[in-house]
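Descriptive structure summary
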Amino acid sequence: MKVSRLAFLAALVGACPAAASPAGDIAGTWECRQPGIEYRNKPPILYVADSVGDPSQVTIEVDGFAREIYGRSEVAADQGGWWKVKPAQGQEFMIRPDGGAKQRTPAMGLRFVDSKSDYRCLRLPPSGAQGLPPLAPQVVPFEPQGGPPSGEPGVQPTDVPGVQPTDVPNEGAPVKKE
């Protein structure tokens with residue numbers, strides 16, 4: 001029974017080209033760095049977009065690399081988990097998505113044939129996403145109802161220099177001063 005299930009799953013995966021391509025896993029904007037190189041706030045950027053209708057292709061653009069690479073690109077499996085990317089314009093390169101489940105930020109390796117070392121690329125958040133936690137809610141000053149206006153909307157008597165909290169009139173019981 002288990003053998004037939006495995007055979008069915010293997011046949012299903014073999015018939016589905018989308019499962020054989022990392023196109024969906026690598027779509028996005030990637031910041032790439034080589035170890036030991038200072039980029040002065042402008043590291044190379046790799047833009048990857050899915051090509052509609054063909055899971056074996058992606059659209060590639062780069063910014064900040066010392067080469068020009070762009071256009072619809074063929075993606076094919078290579079050895080050791082690497083994928084060969086052949087762009088419409090520019091030099092071929094290799095990528096290897098890191099499948100570490102413990103990573104907060106998706107990562108991948110990028111390698112050019114003539115490069116001395118690999119790039120380590122981290123996916124940047126989408127342009128609409130916020131990287132920072134939301135700010136604390138703003139406190140809206142309390143304006144007592146029925147009291148005389150304080151001169152400026154939102155200004156509390158405790159915000160006025162020289163006025164102590166005990167000088168603020170209290171609705172109800174009179175304030176006793178000694």
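Please read these numbers as outputs of a predicted model, since none were measured by experiment. (Residues numbered from 1 in each chain as written. Predicted model: local features only at pLDDT ≥ 70, side-chain atom pairs only at ≥ 80, totals over all residues. Heavy atoms only, no water.)

Under the definition given, this model contains four aromatic pairs. Here the aromatic rings of Phe 112 and Tyr 119 are separated by 6.1 Å at their centres, their planes lie at 85°, and the arrangement is edge-to-face. Residue classification places Phe 112 among the buried residues on the basis of a relative accessible area of 2%. A connected cluster of aromatic rings, assembled from ring pairs, spans Phe 65, Phe 93, Phe 112 and Tyr 119. Positioned over the ring face of Phe 112 is Arg 67, at 3.8 Å from the centre of the ring. Note that Arg 111 overlies the ring of Trp 82, its terminal NZ or CZ placed 4.0 Å from the centroid. (Phe/Tyr/Trp six-rings, centres within 6.5 Å; stacked < 30°, edge-to-face > 60°. Buried < 20%, exposed > 50% of the residue type's maximum accessible area, 1.4 Å probe, protein only. Lys NZ or Arg CZ within 6 Å of the ring centre and 35° of its normal.)

Our focus in this paragraph is the state of the cysteines. Think of a disulfide as a covalent bridge from one cysteine sulfur atom to another cysteine sulfur atom. One pass over the structure, following the stated rule, counts one disulfide. Sulfur-sulfur distance for the disulfide between Cys 32 and Cys 121 comes to 2.1 Å. Taking the sign of the S-S torsion, about 110° here, the bridge from Cys 32 to Cys 121 comes out right-handed. One end of the pair, Cys 32, is in strand β1 (residues 28-33); the other, Cys 121, is in strand β8 (residues 119-123), with 89 residues separating them in the sequence. For the residue pair Cys 32 and Cys 121, the accessibility class agrees, reading buried in each case. (Disulfide = S-S within 2.5 Å. Helix = DSSP H or I, 4+ residues; strand = E, 2+ residues; numbered from the N terminus.)

What follows is about the pairing of strand β3 (residues 57-63). Summarising the sheet, strand β2 (residues 45-50) and β3 pair through six bridges and their orientation is antiparallel. Counterpart to Leu 46 in the pairing with β3 is Val 62. Here β2 folds back onto β3 in antiparallel fashion, the turn holding six residues, of which Gly 53 has a positive phi close to 90°. Both β3 and strand β4 (residues 70-77) contribute to a ladder of five bridges, which runs antiparallel. Each residue of the ladder has a partner; that of Gln 57, found in β4, is Glu 74. Counting the residues between successive antiparallel strands, the hairpin from β3 to β4 contains six residues, one of them, Gly 64, with a positive phi of roughly 95°. (Pairing = 2+ DSSP bridges.)

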